[in-house]
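Here is what each chain is made of, one letter per residue.
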Amino acid sequence: MTKVVRNINRLIYSPKLSAIVICVLCLSGMLTAKYIEKWFRFSDYRWIYQYGSLLSKGLVLLMVGWSFLHPIIVISEKRKQWKKYWIWILIGLLPFLYFGIMITIAMLRTVE
């Protein structure tokens, strides 16, 4: 019975898969927002721009939030062996670190 529970637990939250999904979805959300704005903002298909922009920004914000929670989840799930997953923790943190650094840079530029 414990083997079945371990297999289910591994399927529920895999640190490797989650880190890759976080980065891919965040990057695709940022690229989608950029190209939707470029192609559909001033066209007859403005509704694509409105809904696509809203969905892609929401997706990016969700991924940044998930990126913040990812290390907490991995460390709590893999208490004794979390050191094996440190590289996946860092990869999963990339969107959160990116937005944190960009916000810091933007704040420093407005102060000067």
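Owing to the predicted nature of the structure, the values given are computational and were not obtained by experimental measurement.

> Quick rundown of the packing of helix α2 (residues 15-40) against helix α4 (residues 86-111)? Include the residues and the values.
Two elements in contact, α2 and α4, have axes whose closest approach is 7 Å; the angle formed by their N-to-C orientations is 25°. When the interaxial angle is binned, α2 and α4 end up roughly parallel. Judged by the sense of rotation from one axis to the other, the crossing of α2 with α4 is left-handed. Seen from α2, the contacting residues are P15, K16, A19, I20, I22, C23, C26 and M30; seen from α4, they are W88, I91, G92, L94, P95, Y98 and F99.

> Run through a nonpolar patch on the surface, naming residues and quoting values.
There is a patch of nonpolar side chains on the surface, built from F68, L69, I72, L94, F96, L97, Y98, I101, M102 and I105 and spanning about 880 Å² of accessible area. Breaking the nonpolar patch down by element, the ones donating at least two residues are α3 (46-77) and α4. Sort the elements by how many residues they give to the nonpolar patch and α4 lands first, with seven residues. For I72, the location among the structural elements is in helix α3.

> Let's hear about the packing of α3 against α4: which residues, and what values?
At their nearest, the axes of α3 and α4 sit 8 Å apart, and the two run at 145° to each other. As for how α3 packs across α4, the hand of that crossing is left-handed. Together, V60, V64, S67, F68, H70, P71, V74 and I75 of α3 and W88, I89, G92, L93, L94, P95, F96 and F99 of α4 make up the contact between the two elements. Of the residues belonging to the contact of α3 with α4, the class tally is 13 nonpolar, three polar and no charged.

> Break down the environment of L97 for me, citing the residues and quoting the values.
With respect to the helices, strands and loops of the structure, L97 is situated in helix α4. Between the C-alpha atoms of L97 and F68, which are 29 residues apart in sequence, the distance is 8.8 Å.

> A description of the nonpolar core should follow, citing residues and the corresponding values.
Counting five residues, the largest nonpolar core consists of Y13, V74, Y85, I89 and L93. Residues in contact with L93, not counting those within four places in the same chain, are S67 and P71.

> Would you mind going over α3 in detail, with residue names and values included?
In this model, α3 (32 residues) spans 45 Å end to end at C-alpha, consistent with the 46 Å of a helix rising 1.5 Å per residue. Taking the largest bend as the criterion, α3 deviates by roughly 35°, centred on L69, and proline P71 comes between one and four positions later. Looking only at α3, the buried set comprises Y49, G52, S53, S56, V60, M63, V64, S67, H70, P71 and V74. Where the residues of α3 are buried, they touch α2 and α4.

> Give a description of α2 that names residues and reports values.
Its 26 residues place the ends of α2 36 Å apart at the C-alpha level, agreeing with the 38 Å of an ideal helix rising 1.5 Å per residue. Those residues of α2 that sit buried are P15, S18, A19, I22, C26, G29, A33 and I36. Looking at the buried side of α2, the elements it contacts are α3 and α4.

Rules used throughout
Residues numbered from 1 in each chain as written. Predicted model: local features only at pLDDT ≥ 70, side-chain atom pairs only at ≥ 80, totals over all residues. Heavy atoms only, no water. Axes fitted to C-alpha atoms, helices over the stretch in contact; angles between N-to-C directions. Helix = DSSP H or I, 4+ residues; strand = E, 2+ residues; numbered from the N terminus. Parallel < 35°, antiparallel > 145°, perpendicular 65-115°, else oblique. Left-handed = near helix turned anticlockwise from the far one by under 90°. Contact = heavy atoms within 4.5 Å. Patch = residues over 30% accessible without salt bridge, like charges linked within 9 Å, V, L, I, M, F, W, Y side chains within 5 Å. Areas by Shrake-Rupley, 256 points an atom, 1.4 Å probe, with all protein chains shown as cover. Salt bridge = Lys/Arg side-chain N within 4 Å of Asp/Glu carboxyl O. Nonpolar A, V, L, I, M, F, W, Y, C, P; charged D, E, K, R; others polar. Core = buried A, V, L, I, M, F, W, Y, C linked by side-chain atoms within 4.5 Å. Buried < 20%, exposed > 50% of the residue type's maximum accessible area, 1.4 Å probe, protein only. Expected span 1.5 Å × (residues − 1). Bend = angle between axes of the 7 residues up to and from the residue.

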